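Chains, contacts and geometry: an overview
The primary structure of each chain is shown beneath.
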Number of protein chains: 2
Amino acid sequence: MANSQVRLGILGLGTVGQALIALIDEQHGTILERTGIDLIVTKAAVRDVNKPREVDIAAGSLTADGMEVVESEYVDMVVELVGGIEPTKTYVERALELGKPVVTANKELLAAHGAELFTAAADGIETSLLFEAAVAGGIPLMRALEQSLRGEPLQRVMGIVNGTTNYILSQMSDHGASYADALAEADPTADVDGHDAAAKAAIIATVGFGGSVTSSQVAVEGISNITADDIGAARSMGYAIKLLAIVEHVGQPGDLEVAVRVHPAMVPLTHPLASVRDSFNAVFIEGGAVGELMLYGRGAGGRPTGSAVLGDVIEAAVGFVSGRAHARPSVAPAQVRPLADLRSAFYVEVKVTDQPGVLATVAGVFGSNNVSIKSMEQRGSDADARLLFITHEASEGDLAATLTKLAELEDVHDIGIPLRVIGH
Amino acid sequence: MANSQVRLGILGLGTVGQALIALIDEQHGTILERTGIDLIVTKAAVRDVNKPREVDIAAGSLTADGMEVVESEYVDMVVELVGGIEPTKTYVERALELGKPVVTANKELLAAHGAELFTAAADGIETSLLFEAAVAGGIPLMRALEQSLRGEPLQRVMGIVNGTTNYILSQMSDHGASYADALAEADPTADVDGHDAAAKAAIIATVGFGGSVTSSQVAVEGISNITADDIGAARSMGYAIKLLAIVEHVGQPGDLEVAVRVHPAMVPLTHPLASVRDSFNAVFIEGGAVGELMLYGRGAGGRPTGSAVLGDVIEAAVGFVSGRAHARPSVAPAQVRPLADLRSAFYVEVKVTDQPGVLATVAGVFGSNNVSIKSMEQRGSDADARLLFITHEASEGDLAATLTKLAELEDVHDIGIPLRVIGH
C-alpha cells in the first residue's frame, strides 16, 4: 500500500487538542506502518496565537480565524475541538461542503443539529463526519452502536456518561462526603443539572435507535437534591445512586419511538453499573439478541479523549485517501414518548406521625392511584418516623398523583424526592 | 440510497447459524431501512439435510456440500459457522478467491492461519474477512481493537474469554462448589485446559498489537489444578481467581514484541475483572492514552454470537455493494517473548514443619533467587502449618528456581502450584 499524506487542521488547542498532537507525534510511525497514512498537522485555530504552548506546532501554523483553517488549501481534514454551537456549526458545514472529512468531540452541536449534519455529510460529495469522542470520551460507544450493533434489536441503553457527577456521588457514597463538599472538590463547571448527560443521551438515541432526538427533547433531572442520607438509605437497601442517561425503545418492534431521559436512579449493588466509581464512565446496553453488554472507561481527560479522536482521524483519513467515506443514513425525527407516560419502579420516603393506622392510610393512597408496593420498611419512630417504600413498576403520572394525595394527609409531614429504581 | 439484495450462503446451521437466520428474519426491515441492504439466505451447508429444523429456510436450499455453497452463483457472501481448520480453510480461501466476503466465528482457524487469510482477503480482489464473533462472542472487541484503538499505544489486554471456565470458577467461589462438581454441571467439552482461551489470545495479539501470533506460541496453563481451598485463601487475601488471556506489549515502543499467555491469576477484588461472574466474558484494555477500558458481555450463546455475526454480515454487505472492502494490512509475525523471561507477582503456598527458624530459611531461599517478598502470613499450625507468600514482580525463571530450591528443604512438605497475581 502506497503511503499518503493527510493534512489536518485543528480547531481548538485545549487539553484534547494538545493531547491529540502529542499522540500523533508518538504514534506517527505505527500509524504509517499499519495504514499507509502519513498524518501531519498543518494548521490550528486558537483564541490567542501568542500564548506559549508546549505542543510541537510551528508558530506560523496558528491562526485566530477558524474559517482560515477550514478553507486552507493545506488542510485535507478538519478536527473540531472548540465546542459550542456557533461558530463551530458554520465551520463544520463549510468543511463538509468542501468535501473535507470532519472529526468532532462536540456533544452540544451533535445533540442540537446531528441529523442536519449527517445529511450535510452525505450530501453531494460524500464525506465522513465522525464523533466517537463526543459521548463517553475514550469508550468506543459510537462505533459499537453504529457498526457492531447495526442489526441488533436494541432495547435499552443506560449510561453513566458524566464523570463529574459520578465523582460527586462516589465521594458521597464511599467517603461520606456531603453534596456541598463533594461539589466543591469537583470541577465547578460540572453539569450537576444533568444537561451534559442529556446531550449525550440525545446522541445515543440518534445513533443507536435509528431516529433523531435533540437534547431539548430529553427529560432531565440533576443530582443537586440527592443527600448523603438518600445515599445511605439506598445502600442499606442494597442500591447505589447513579446519574443515568437512559434511552429505551418503546412501542412496537420497528417503530421509531423512544423514551430518553436523564435522572438519578437507584441501581442494585449487584448491577455492573453500581461499581463504576469516581470519574469513570460506563454504558450498559440491553439488546434482544446480544443480551447484556457493558463498555467501561475514561469519559474525559485529554489523552483518553485524544485517543478516541485519533481513532476517528485515522478512519476518516483512510476513507479520504481511498475515496470511501463513512456511510451513515439520513435519520428522520424519532417519536419521543413523554416522561409522564413512562413506567418505572420508584423509591419514596414519607415522613409520618408514628401512630396506629397511618401505614394503612398511606398504603391505601398508593393503591388507589394504581401504584403497587413492592416493599416497605419503617425507619426511626415517634417524631422521626419515616416509611421507605419501593414500588412495582408504575407510570410517572400515577406516581405523581400518589404524591399529591399523600401531601394532603394530615399525618404526612414530608415526602422525599422520589427516585427511580432500575431492575436487576 | 437504492436497495441492493445480498445473498448469503451459510456453512453450518448449529445454534449460531439458526440464531442468525432468525435474527435476519426479525431485523430484515430495520436493516433494509438503515442500510439499503436486502439480506437473504439462499443456501446453507449442513451435515444432515434431512434433519428436521425449526429455521425458516427452504429445504431445497440445503446441501451437505460446503463447496457447493461457496461456489454457488446464488451466493454473494459466505458465513462460516462450522469451526475447525479443515475443510473450512479451503472453503474460506475459495470464497475469498472468488471475491466473496467471508464472515466467520472460527477461532481455531484464525488463531492458526489468521495472517495468511488476511493476505488472501487483501490479495487481488480486495474482499472483507470479518470475525467479530470469534473472540468474546457478542462483545465488539475486534472492532474496538482494529478501528477505535488503531492509533492507541496499547500496553496490555487481559480477558476473561472462556465462559465455561469462568462459570466453573464462579460456582466454586460463590457457592463453594468443588472443581469436580462445578465441572460436572458445566458443558463437558469446555476448555478447562485453557486452549480455547489461547486461540482467542492469539487473535487478540494479531489484531491488536500489529504482529501475527499463532495459538501454538501462547504459553498455556488451565484451571484443573485450582482447588476450593485456593479460591478461599485468595478471597481471604482480597483476590478472586480468574482464568485470564493476557497479551502484553513488551520491549521498546514501536517494536513488534509481545508476550501472550493464558493462566489462572489472582485478581484484586476491587479490579473490574474480579466481578465478572458466571459465563460472562470481559476484556480489560490498558493503553498509554486511553487509560483503562473494559468491554463486558456474553461470550457465547446462539443469539449473542449471532448478533456479532450479523453486525459483520451487514458491514461486509455494505462493503460488497459499494465495492469497499474492510481494509486490513498484512501482518508480519510478531516476536513472542518466552514465558521464562516474563515477570509477574506470584502467590506461593508452602507447607512446612511449624518450628522456629523455618520461616527465615524459606524466606532466605526466595531472597537468594532474586524473588522479593511483598507479604507473608501463616495459616494453621503444627502439622498443618502453611506459609502464604505474595511476591513482588519476579521473573518466571527466578520463581521456578526458588521452587526447586524450596522443594529440597527438609522442613518443606509441599508447595502449591504458584499463581500469578495481577496488580491493581
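Before reading further, recall that the structure is shown in the block above.
Before going into details, it helps to say that this report is about the structure given with it.

**A short note on the pattern of salt bridges**
A side chain with one charge may pair with a side chain of the opposite charge, provided their charged atoms come close. Residues and elements named next belong to chain A. Summed over the entire model, instances satisfying the criterion amount to 42 salt bridges over all chains. Across the salt bridge formed by R156 and E286, the nearest N and O atoms sit 2.7 Å from each other. A residue pair is termed long-range when its members are at least 10 positions apart, and R156 in strand β7 (residues 154-160) and E286 in strand β11 (residues 280-287) qualify at 130 residues. The pair formed by R156 and E286 is uniform in burial state, with each residue classed as buried.

**Some points on the relation of the copies chain B and chain A**
Superposition of chain B onto chain A requires a rotation of 180° combined with a translation of 0.0 Å along the rotation axis, giving an RMSD of 0.1 Å. With respect to symmetry, the two chain copies, as superposed, fit the operation of a two-fold axis. Of the C-alpha atoms belonging to chain B, the one lying closest to the rotation axis is found on L295 of chain B, 2.3 Å away. Same-surface contact between copies: 100% of interface residues of chain B are shared with the interface of chain A.

**Comments concerning helix α12 (residues 396-407) of chain B**
All names here are of chain B. In this model α12 runs 17 Å from its N-terminal to its C-terminal C-alpha over 12 residues, within 8% of the 16 Å that 1.5 Å per residue would give. Listed as buried for α12 are E396, L399, T402, L403 and L406. Down the axis of α12, the buried side of the element spans an arc of 120°, and every buried residue falls inside it.

**Considerations on the packing of aromatic side chains**
The full count for this structure, using the stated rule, is 6 aromatic pairs over all chains. Note on F280 of chain A and Y296 of chain A: the rings are 4.8 Å apart at their centroids and 10° apart in plane angle, and the pair reads as stacked. Here the residue F280 of chain A occupies a position in strand β11, and Y296 of chain A occupies one in strand β12 (residues 291-298), the gap between them amounting to 16 residues. Taken individually, F280 of chain A and Y296 of chain A each receive the classification buried, so the pair is uniform in this respect. The lysine or arginine in question, R328 of chain A, covers the ring of F118 of chain A, its NZ or CZ lying 4.5 Å from the ring centre. Across the ring face of F280 of chain B, the terminal group of R298 of chain B is positioned such that the distance to the ring centre comes to 3.9 Å.

**Observations concerning the nonpolar core**
L141, L145 and M266 of chain A together with L141, L145 and M266 of chain B are the most contacted members of the largest nonpolar core, which totals 157 residues. With residues up to four places along the chain from it excluded, the contact list for L145 of chain A reads R150, L154, V157, I204, V207, G208 and I285 of chain A.

**Looking at the interface of chain B and chain A**
Opposite the 48 residues of chain B that make contact, chain A presents 48 residues. Our enumeration of links across chain B and chain A arrives at 0 salt bridges. At the boundary of chain B and chain A, one finds 10 residue pairs in polar contact (both at pLDDT 80 or more). The dominant element in the side of chain B that touches chain A, judged by the number of residues it contributes, is helix α10 (residues 302-322) of chain B, at 8 residues. Per-class residue counts for the side of chain B that touches chain A are 23 nonpolar, 13 polar and 12 charged. As paired elements, β12 of chain A and strand β12 (residues 291-298) of chain B share 5 bridges and run antiparallel to each other. Note on β12 of chain B: the bridge partner recorded for M294 of chain A is Y296 of chain B.

Reading the values: rules and limits
- Residues numbered from 1 in each chain as written.
- Chains lettered and ligands numbered in written order.
- Predicted model: local features only at pLDDT ≥ 70, side-chain atom pairs only at ≥ 80, totals over all residues.
- Heavy atoms only, no water.
- Salt bridge = Lys/Arg side-chain N within 4 Å of Asp/Glu carboxyl O.
- Helix = DSSP H or I, 4+ residues; strand = E, 2+ residues; numbered from the N terminus.
- Buried < 20%, exposed > 50% of the residue type's maximum accessible area, 1.4 Å probe, protein only.
- Least-squares fit on C-alpha atoms with pLDDT ≥ 70 in both.
- Contact = heavy atoms within 4.5 Å.
- Expected span 1.5 Å × (residues − 1).
- Arc of directions from axis to C-beta.
- Phe/Tyr/Trp six-rings, centres within 6.5 Å; stacked < 30°, edge-to-face > 60°.
- Lys NZ or Arg CZ within 6 Å of the ring centre and 35° of its normal.
- Core = buried A, V, L, I, M, F, W, Y, C linked by side-chain atoms within 4.5 Å.
- Polar contact = N/O pair within 3.5 Å; in protein donor to acceptor, adjacent residues only side chain to side chain.
- Nonpolar A, V, L, I, M, F, W, Y, C, P; charged D, E, K, R; others polar.
- Pairing = 2+ DSSP bridges.

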